[in-house]
Amino acid sequence: MGLTNAQYDAIIKDYDNTRMENRHILEKRREYVYSHVDGYKELDDSVISVSMESVKKKLAGDQTAMNELHSLLDELRSMKKSLLVGAGFSEDYLDDIYTCPDCKDTGYIGSEKCHCFIKQITNILYDQSNIREFLKENNFTKLSTEYYSGEDLDLFNSAVEKSKQLINNFSVEKSNLLFFGTVGTGKSFLSGCVAKELIDKGYSVIYYSSIGLFELLAKETFHTGSKDDLYNLYDYLYNCDLLIIDDLGTETTNSFISSQLFALINERKLRKKSTIISTNLSLQEIRDRYSDRIFSRFVNSFTVCKLAGKDIRIQKKTNK
């Protein structure tokens, strides 16, 4: 999904505004220099007149006209710089102004997006993901196996490996992950790790707690939402590159929620979009709480990762 057309257009408009603002700054600088640096405007005018005269000579057949022009322009540039420096300005004070010199505020270097454009995309993706703050502590730079041992460590390492496989193969294969197991064993952490890596690669990631997601869907369906708002929400949920539903099972389950969960999983599978779901429920509890068809989707369409052990958050507090 990446950016919507509206988001892309907004970035391009920002570049247009930046170039306009920088041209305005440059024009103000030039007006000030013209009025405060004696002789500078005359040198500027000379550049125009000398250039026009050289063009006339070339059209008349003078083969040396361009070489002479380059020599004269170099001399005029040197004189202009001397005047600027003598008046207390830097010699490049009236050079073109660029917020990003690499792309000259166009967003592109050749046909490739400039680093400044990619940064804007990443910022938008972080903002719409709902997890900018969450990812400061939940990413691979914070990964530690300190609180795992034995079989629990093997399970965690396996889940890390499957998370990295999803990331590394994301451009060619949109797979799904189900993290399940006991409380505080790294399920949400690994979801965050995957989210950060993919957002930084320019993919769109949407994160919701299970409670927050289904409350929003119910609100838009039954209460305040318009048809357009509801359509846009579903479009948002169905088409983002990665949807994360955290803490499945904490919501109050009913027929509406079960049908919405199935629709999300099924529609995203049909559209070949990735989904990560974390839950403290066991596989049997998932089957009992929801439906056989939802359980079947999990078993057949998701890579299932079990995590186990003591609650890491409690262990950290105990150690402190």
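Residues numbered from 1 in each chain as written. Predicted model: local features only at pLDDT ≥ 70, side-chain atom pairs only at ≥ 80, totals over all residues. Heavy atoms only, no water.

So, about the overall build of the chain. Counting its regular elements, the chain contains 13 helices and 7 strands. Taking 20 Å as the expected radius of gyration for a compact globule of 320 residues, we find that the chain reaches 30 Å, considerably beyond that expectation. By principal-axis analysis of the C-alpha atoms, the chain measures approximately 90 × 50 × 40 Å. Every one of the 320 residues in the chain was classed for burial, and the buried ones make up 39%. Partitioning the contacts of the chain with sequence separation of at least 6, the portion at a separation of at least 24 is 77%. (Helix = DSSP H or I, 4+ residues; strand = E, 2+ residues; numbered from the N terminus. Rg over C-alpha atoms; globule rule 2.2 N^0.38 Å. Buried < 20%, exposed > 50% of the residue type's maximum accessible area, 1.4 Å probe, protein only. Contact = heavy atoms within 4.5 Å.)

Another point: the sheet that holds strand β4 (residues 205-209). With respect to topology, 5 strands assemble into an open sheet ordered β4-β5-β6-β3-β7, the strand pairing being parallel. Whereas interior strands pair on both sides, the edge strands pair on one side only; in this sheet they are β4 and β7 (303-307). The mean angle between the axes of side-by-side strands here comes to 15°, regardless of whether they run parallel or antiparallel. Across 5 bridges, the pairing between β4 and strand β5 (residues 242-248) is parallel. (Pairing = 2+ DSSP bridges. Axes fitted to C-alpha atoms, helices over the stretch in contact; angles between N-to-C directions.)

Before going further, it helps to spend a moment on the confidence of the model for the chain. Parts of the prediction with low pLDDT should not have their coordinates interpreted in detail. In the predicted model, the chain carries a mean pLDDT of 89, and 98% of its residues have values of at least 70. For the chain, the element scoring lowest by mean pLDDT is helix α4 (residues 115-129), at 79; helix α6 (residues 150-168) scores highest, at 97. (pLDDT = per-residue confidence, 0-100.)

Another aspect to go through is the nonpolar core. Residues F179, L190, L198 and L242 are the most contacted members of the largest nonpolar core, which totals 37 residues. Taken together, the elements giving at least two residues each to this core come down to α1 (5-36), α4, α6, β3 (177-181), α7 (187-200), β4, β5 and β7. Per-element tally for this core: the top contributor is α7, with 7 residues. Not counting residues up to four positions away in its chain, the partners in contact with L198 are L166, I167, F170, Y203, V205 and L242. (Core = buried A, V, L, I, M, F, W, Y, C linked by side-chain atoms within 4.5 Å.)

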